[in-house]
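Breakdown of the fold
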Amino acid sequence: MSKIAGWGRRQLAGVLALVLLVGMFVAARLPEASAGQRAEMASGYRFTPLSIDIPGGFPQQTIRRVNKDYEHIRAWISTVGSGIAMNDLDGDGLANDLCVTDPRIDRVVVTPTPGLGAPRYASFVLDPSPLPMNPYIAPMGCVPGDFNEDGRTDLLVYWWGRTPVLFLAKRDATVLSPAAYHPVELVPRAGPAAGAYDGPQWNTNAVAVADFDGDGHDDIYVGNYFPDGPIIDDTAAGGMVMNDSMSLAYNGGLDHVFRWTGGTTGATPNATYAEAEGVFSEDVSRGWALAAAGQDLDGDLLPELYVANDFGPDRLLHNRSTPGDIRFALVDGTGSRAVVPKSKLLGHDSFKGMGVDFGDIDGDGRYDMYVGNITTPFGLQESNFAFVNTSKDPADARTQLNGGKAPFADRSAPLGLAWSGWSWDVKFGDFANSGEQSIVQTAGFVKGHVNRWAQLQELATANDVLLAHPHWWPKIEQGDDLAGGQPLAFHVRGPSGRFEDLSAELGLDERIPTRGIATGDADGDGRLDFAVARQWDAPVFYRNESPDVGAFLGLRLVHEAGGAPATGAQVSVTTPDGRRHIGRVDAGSGHSGKRSFEVHLGLGTASGPLTVELAWRDRTGTPRQQSLPLTPGWHTIQVGSQAQEVSA
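Here is a short report on the structure shown in this document. Treat the numbers as computed from the prediction; the structure is a model and nothing was measured.

Turning our attention to the overall build of the chain. Summing up its helical and strand segments, the chain has seven helices and 41 strands in all. On C-alpha atoms alone, the chain measures out to a radius of gyration of 24 Å, which is about the 26 Å that the 2.2 N^0.38 rule sets for 648 residues. Expressed along its principal axes, the backbone C-alpha trace of the chain runs to roughly 85 × 65 × 50 Å. Within the chain, the proportion of its 648 residues that are buried is 60%. Counted over contacts in the chain with a minimum sequence separation of 6, partners at least 24 positions apart contribute 64%. Working note: accessible area of the chain is about 23700 Å², and carbon and sulfur atoms make up 54% of it.

As for its placement among the helices and strands, D154 is situated in strand 7 (residues 154-160). No salt bridge is formed by the buried D154. Its closest oppositely charged neighbour is R152, at 7.7 Å. With sequence-adjacent residues up to four places away left out, D154 is seen in contact with V143, P144, G145, D146, F147, N148, F167, L168 and A169.

Pairing between the strands of a sheet comes from backbone hydrogen bonds, and it takes one of two forms, parallel or antiparallel. Read from one edge of the open sheet, four strands run 10-11-12-13, paired in antiparallel fashion. Looking at strand neighbours, the two that pair on one side only are strand 10 (204-210) and strand 13 (270-275), the edges of this open sheet. The sheet shows a mean angle of 30 degrees between the axes of neighbouring strands, taken without regard to direction. Where strand 10 meets strand 11 (residues 219-224), six bridges bridge the pair, whose relative direction is antiparallel. In the sheet register, A210 faces strand 11, and the bridge partner there is D219.

This part takes up the environment of L488. Tracing the backbone through its elements, the reader meets L488 in the loop between strand 27 (480-481) and strand 28 (489-493). A relative accessible area of 2% means that L488 is categorised as buried. As a C-alpha pair, L488 and V532 span 44 residues in sequence and 9.3 Å in three-dimensional space. Among all residues touching L488, those that are not within four sequence positions of it are V440, Q441, T442, A443, S503, L508, T514 and V532.

Bringing the layout of surface pockets into the picture now. Rolling a probe over the atoms, with the probe sized like a water molecule, indicates the empty space that remains. Roughly 740 Å³ of volume is contained in the largest pocket. What lines the largest pocket is a set of 35 residues, and nearest its centre among them are D88, G91, G93, G151 and T153. Of all elements in the fold, only strand 33 (551-559) and strand 40 (633-639) reach the threshold of two or more residues within the lining of the largest pocket. The biggest single contributor to the lining of the largest pocket is strand 33, with four residues. A per-class count over the lining of the largest pocket returns 15 nonpolar, 11 polar and nine charged.

Rules used throughout
Residues numbered from 1 in each chain as written. Predicted model: local features only at pLDDT ≥ 70, side-chain atom pairs only at ≥ 80, totals over all residues. Heavy atoms only, no water. Helix = DSSP H or I, 4+ residues; strand = E, 2+ residues; numbered from the N terminus. Rg over C-alpha atoms; globule rule 2.2 N^0.38 Å. Buried < 20%, exposed > 50% of the residue type's maximum accessible area, 1.4 Å probe, protein only. Contact = heavy atoms within 4.5 Å. Areas by Shrake-Rupley, 256 points an atom, 1.4 Å probe, with all protein chains shown as cover. Lys, Arg positive; Asp, Glu negative; His and termini not counted. Salt bridge = Lys/Arg side-chain N within 4 Å of Asp/Glu carboxyl O. Pairing = 2+ DSSP bridges. Axes fitted to C-alpha atoms, helices over the stretch in contact; angles between N-to-C directions. 1 Å grid on protein atoms, 1.4 Å probe; cavity = no way out; pocket = protein on both sides within 12 Å on 5 of 7 lines; lining within 4 Å. Points joined across faces, edges and corners; volume = space filled by probe spheres on them. Nonpolar A, V, L, I, M, F, W, Y, C, P; charged D, E, K, R; others polar.

Shown next as structure tokens:
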């Protein structure tokens, strides 16, 4: 008997590995919906693609100029920079304005959403002058927000080659145009206020806006990708590195957090921010950040921060701040290493984090997380993450987070969300008002005609000591292809609980690399529209014309002082069928796409009065809670010490 027991102990690791492999195989082989079932699921949705107006007259490019050391990988370096945000920029009460970063012209464009009659203004390019610039700066994304708290929507633009710029809306502007914005540096400079930019050469690819310290004012997280340096200066050689690992890289650009300190309005508005020191440890700060999202997970109205990192572990940071003092603690996923692969454990993954959003994946009324990674068969087959919330309630989540543990488990395979291509931005949304969240996800990398997967696979298996040196990277130039024909995905939850990608059935499967996703209700009809930024191609707006949609609740939550959006405010509605629907005022989560400030909740067949639970922090930082009786439809709610409905 002792010999048998000893043999069993020796074989335990192998048995567990076999059980794990069989379990993963079974999960991966779960039956997919039939063609008929998919057609029936798709019948509830209809989107009409419309062209977005981009102003002409600017020099066009099809690939970036780069540092001389990167010349042979120009196509790789040229794979980011296409972003899009959807919001109400002109104050007409509708999310019918777009802010687009377009690498074809390397400009930031403000333009009305198409398909709503005569344009309210001509599309235009933001003008950063008289701030210093130079030819080796390129915009990467645009984040709407009220950064000086005067009730007007401003724009934050982040770049490769310099620090971010705030374009503050002027009080006396009557129409959107370049003259309607006053540019201000986010990072104060000691150098000249105009001329050629010679400041820090940040290479930013992730920005998240939220009230991190709970003082009632929004702060700004800036996640840098490459270390500071002349990445797109074709007159320079050297001064840059690549990632020092494909799975554990900690040599990226430093991340930063800026705390709001004040703002003024008028013809020359201003907003001031102070950098919070010592927020991140070196290994957290040096990840290769591509996306970030903030969301309160434990009910204290202090948003946690998720950072999706390329080439190494993503980070979930538990918020332990107090007003004026921003502090985060790194937390890890729970689960036994014997049955959960390391790369499926939150905070220990070795994947290529590209996009992230918070939403209710499984319909239990708690926030989950969906993360896009590289998932290409016969290329690099990792896995997306569908991190499902395993806590009992916010109090249980707080206990676990305070103990350093994140109550999330990846369920991507059984949910049908594990594989979708070379993924980027992700956005939750209920596009049919069914009460079920769908997920839109961009995909694709480099579009060309010469397949370079073999060379990339060789690089992925190379010794890490070679990776940081661009010389050792294989040629990836204009005309080469890596996942260039992958379409975006439109994940819809089926009757079995498993998600199906209906992009082909809905005509969304154009074979063009896509990057950012913005969502909002452009025409106020209660149906979520969305816009997509495409890399080296024209952006597109998808007007939602879905038939027979359900009821919805739409909330515009604003502060009573100034009318700025009450970012971070939480909304919960329980419908008569007992289902709890949740939403929040998102101030800017994701890769290079930003949703509008409105909270949109699909309610299915619900009708009549609803009890809406609201939670927010007022301008003093005091947490508030209140219930309001509301009917389905759009409402504007003003929050301060109390919440009350007002005319739009």
